[in-house]
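Overview (structure and organization)
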Amino acid sequence: SSGINAEYGDDTIGYKFNEPLYLLEALTHASFEDVEACYQRLEFLGDAVLDVLMVFHIYEDKPHYDQGQMSDLLSSLVCNTTLSKICTKLQLYKSLLYDSPELYNVLARFLSSFEADQLKDWYKDLSLDRVFVHTIETDTLDERPVLNLDNKVVQAPKILGDLVESIIGAIYLDSGEDIFKVRDVIWGWFEPFYESFSTDPPKNPKAIINELYPGLKKTIMSYPGDHYRFVATVTIATRDDNKVTSYEFKTVGWEKETAFEVSCGRALHFHRKYLANDISN
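Residues numbered from 1 in each chain as written. Predicted model: local features only at pLDDT ≥ 70, side-chain atom pairs only at ≥ 80, totals over all residues. Heavy atoms only, no water.

Attention now moves to the pairing of strand 3 (residues 226–240). As paired elements, strand 2 (residues 217–223) and strand 3 share 7 bridges and run antiparallel to each other. From the neighbouring strand, Lys217 faces strand 3, where its bridge partner is Thr235. Following strand 2, the chain reverses through 2 residues before pairing antiparallel with strand 3; Gly225 in that reversal takes a positive phi of roughly 85°. The sheet contact formed by strand 3 and strand 4 (residues 243–253) spans 11 bridges and is antiparallel. Along strand 4, the bridge assignment pairs Ala232 with Thr251. The turn joining strand 3 and strand 4, which pair antiparallel and follow one another in sequence, is formed by 2 residues; a positive phi near 55° is taken by Asp241. (Pairing = 2+ DSSP bridges. Helix = DSSP H or I, 4+ residues; strand = E, 2+ residues; numbered from the N terminus.)

Written out as structure tokens, the structure is:
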């Protein structure tokens, strides 16, 4: 028995389900065949509900923000890092129903990367820092070695963020599609992040580097010989007197999105250090 029932929801997330089957569906992975349900449809719904709630709140609460600032704040609130911290604090992953050795390894690797109280320190940390790109001094004009993220950065599995969104979708349906009820339940999860981010909305390195280099090349592929790892490559290029010079940044990680973000961060740091005479970003 998983112990998933209305009381579980009330104790864990602050909402008592009228129909516990919504909660069961929200916590069931496709690999768990004993239940004819999967969280993915609820995740799809919850993602949209969360976006709507956050957009409305930002629009009403920040009348002086321009579109770019609103977009930066929204992105930081709904990104996988923020959602994963909420999931970890609520311990939703402990009630996930699944029958997948691969998913077990993903979760175990994530949790084992922390010692003692480090997990609590991580989810209480309100920053979005995955890796401190300004400390990557190995990237130079002459050499940009492959960066392996092992033990250098928290790589939160996407499933953690997905669970938060599926729970939001479940609450929305169970409450009779009462989006205001959903807001009342989940705002406490997001409020510390909102207060922290809204003082100075974090800028996403991916967005900035794409604006600076619209034609940048990016690839994400499985690491040769290890399908649990991914290689994210970002290549930026400059043109001087019809001569094109390319700079490639390769990052290896367990989570493809994390590896890609770090490659973008490295490229942005490199741009600011070596290629930009004056940059306002």
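Mapped onto the elements, Trp122 comes out in helix 7 (residues 118–124). The spatial distance from the C-alpha of Trp122 to the C-alpha of Pro205 is 21 Å, given a sequence separation of 83 residues. Not counting residues within four places of it along the chain, the set of residues in contact with Trp122 comprises Ser84, Lys85, Thr88, Phe110, Phe114, Val154 and Ala156. (Contact = heavy atoms within 4.5 Å.)

All right, on to the packing of aromatic side chains then. Tallying each qualifying case throughout the model produces 9 aromatic pairs. Taken together, the ring pairs connect Tyr247, Phe249, Phe270 and Tyr274 into an aromatic cluster. (Phe/Tyr/Trp six-rings, centres within 6.5 Å; stacked < 30°, edge-to-face > 60°.)

Not every positive phi belongs to a glycine, and Gln91 is a case in point at roughly 60°. A relative accessible area of 39% places Gln91 in the partly exposed class. In the Ramachandran plot, Glu177 falls in the positive-phi region, its phi being about 60° despite a non-glycine side chain. Among the structural elements, Glu177 can be located in the loop between helix 8 (158–174) and helix 9 (179–198). (Buried < 20%, exposed > 50% of the residue type's maximum accessible area, 1.4 Å probe, protein only.)

Right, let's talk about the side chain of Arg109 for a bit. For Arg109, the position within the fold is in helix 6 (residues 101–112). Salt bridges are absent for the buried Arg109, whose nearest opposite-charge side chain, Glu255, sits at 5.7 Å. Non-local contacts of Arg109, meaning those with residues more than four positions away in its chain, are made with Tyr228 and Trp254. (Lys, Arg positive; Asp, Glu negative; His and termini not counted. Salt bridge = Lys/Arg side-chain N within 4 Å of Asp/Glu carboxyl O.)

Here the focus is the sheet that holds strand 2. For sheets, the rule is that strands pair by backbone hydrogen bonds, running either parallel or antiparallel. Taking strand neighbours across the sheet as the criterion, the 4 strands line up as 1-4-3-2 in an open arrangement whose pairing is mixed. The two strands at the open ends of the sheet, each matched to only one other strand, are strand 1 (147–148) and strand 2. Sheet topology note: the strand 1/strand 4 ladder contains 2 bridges and is parallel. Looking across to strand 4, one finds that Asn148 is bridged to Val252.

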